[in-house]
Amino acid sequence: MSKKGGLGGAGLNALLQSAGMNSVEVQKSVEEAEKTGVLEIDISLIELNPDQPRKIFKDDEIEGLAKSILENGLINPVTLREKDGRYQIISGERRFRALKFLNKTKIPSLVLKNIPDSKMLELTLVENIQRSDLNAIEIARSYKKLIEELNIKQEELANRIGKSRSSISNSMRLLDLSDSIQELVLDGKITEGHARSILSLEDNDDREIMALEIIENNYSVRETERLVKEKKDSKTTNINIKTEESTSSIKKENINSTIINKDPNIRRLEDDLEKIFATKVNVVDKNGREGKIVIEYYSSDDLERIMDMLDSIDINKSYREPKLEY
């Protein structure tokens, strides 16, 4: 193990502070590591991190990164945690794999000491989110894992990693999609924008079909939004009519399959609100002058997210006299 020059790029301590991670033990470890500087660590002593948010490493991308390192050098060192005489990757697994592809025996590393297991997952997530272009599903799954393993709520997680609660809730909404659609996002076959458009469809079969259509026809996000809207518009609303049969004195519900065609302006308003709140919104217009807006939520965290969004509105700036155009 040998010592090397400066860190290069933004310091990790400044990075974590900007992310809102203010653990005293972590900050102390980072400060000591930055004072020590970059070390050359034997690659045989470095282990992969099971909590690494990034799960997919494509061979062609690793080879491309390796070529870049050969031509331009390593811009940022790998960040490691020292544990029991060995080292575990906190961030920089792509760089580690690229250097390994180049048959390097030592890795330029920033080494953090005395990092407890309880902080490892949180530190790994913060460092990777701030420095890497993680896939949206990888981020959402990492949020979920942190919440479950640390037994905290979305609000506390938001405070710990410097994100808004609505941002975390919106990210985790992607996990409402089926595993197969999530894998399509992970593989880069559809984008996060495609996935969010698909989310507004309630039926899982409709979602699966739409995902396949996006791939087969190479639909853009805008085209997907239009197709999803058309599919939602084509859905019928059933009206339940309660009737009483006098011969048996038993009340039964009859379903009337009457199709209700909503005003296109109302549908457009619903679509706009659904994009804002990232959930289903139903606008019921009674007579062109009055009605109601129903915003659905699917968990207590989801409700808190929506309430946060409403609380953040500046009434004085946002209020205007209602103007009905429907």
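So, here is what we can say about the structure in this document. Treat the numbers as computed from the prediction; the structure is a model and nothing was measured.

**Some points on helix α13 (residues 264-277)**
Here is step 1: Between its terminal C-alpha atoms α13 stretches 20 Å, which fits the 20 Å expected from 14 residues at 1.5 Å a residue.
Here is step 2: Of all the positions in α13, only Ile266, Arg267, Glu270, Asp271, Leu273, Glu274 and Phe277 are classed as buried.
Here is step 3: Backbone geometry just downstream of α13 places Ala278 in the positive-phi region, at approximately 55°.

**Some remarks on the nonpolar core**
Here is step 1: Ile41, Ile46, Leu80 and Ile107 are the most contacted members of the largest nonpolar core, which has 19 residues in total.
Here is step 2: Going through the elements one at a time, β2 (39-42), α3 (59-72), β4 (78-83), β5 (86-91), α4 (93-101) and β6 (106-112) are the ones with two or more residues in this core.
Here is step 3: Per element, the largest residue contribution to this core is four residues, and it comes from α3.
Here is step 4: In this structure Ile107 touches Leu39, Glu40, Ile41, Ile43, Ile46, Val78, Phe96 and Leu99, once residues within four positions along its chain are discounted.
Here is step 5: Counting residues in hydrophobic clusters, the runner-up holds 18 residues, among them Leu199, Leu201, Met210 and Val228.

**A closer look at the environment of Glu304**
Here is step 1: Assignment of secondary structure puts Glu304 in helix α14 (residues 300-311).
Here is step 2: It is 8.6 Å that separates the C-alpha atoms of Glu304 and Arg165, two residues lying 139 residues apart in sequence.

**Observations concerning helix α6 (residues 136-150)**
Side chains that are three or four residues apart share a direction in an α-helix, a result of its 3.6 residues per turn.
Here is step 1: The end-to-end C-alpha distance of α6, which contains 15 residues, comes to 21 Å, matching closely the 21 Å that a straight helix rising 1.5 Å per residue would cover.
Here is step 2: The complete set of buried residues in α6 reads Ala136, Ile137, Glu138, Ile139, Ala140, Ser142, Tyr143, Leu146 and Ile147.
Here is step 3: The opening residue of α6, the one whose side-chain oxygen lies 2.8 Å from the backbone nitrogen of Ile137, is Asn135.
Here is step 4: Asn151 sits one or two positions beyond α6 and adopts a positive phi of about 55°.

**Re the packing of α6 against helix α7 (residues 154-161)**
Here is step 1: Where α6 contacts α7, the axes come no closer than 10 Å and their chain directions differ by 110°. As far as their axial angle goes, α7 and α6 are roughly perpendicular. Like other packed secondary-structure pairs, α6 and α7 cross with a definite hand, here right-handed. Facing α6, whose interface residues are Tyr143, Leu146, Ile147 and Leu150, α7 presents Gln154, Leu157, Arg160 and Ile161.
Here is step 2: The class makeup of the residues in the contact of α6 with α7 is six nonpolar, one polar and one charged.

The rules behind these values
Residues numbered from 1 in each chain as written. Predicted model: local features only at pLDDT ≥ 70, side-chain atom pairs only at ≥ 80, totals over all residues. Heavy atoms only, no water. Helix = DSSP H or I, 4+ residues; strand = E, 2+ residues; numbered from the N terminus. Expected span 1.5 Å × (residues − 1). Buried < 20%, exposed > 50% of the residue type's maximum accessible area, 1.4 Å probe, protein only. Core = buried A, V, L, I, M, F, W, Y, C linked by side-chain atoms within 4.5 Å. Contact = heavy atoms within 4.5 Å. Polar contact = N/O pair within 3.5 Å; in protein donor to acceptor, adjacent residues only side chain to side chain. Axes fitted to C-alpha atoms, helices over the stretch in contact; angles between N-to-C directions. Parallel < 35°, antiparallel > 145°, perpendicular 65-115°, else oblique. Left-handed = near helix turned anticlockwise from the far one by under 90°. Nonpolar A, V, L, I, M, F, W, Y, C, P; charged D, E, K, R; others polar.

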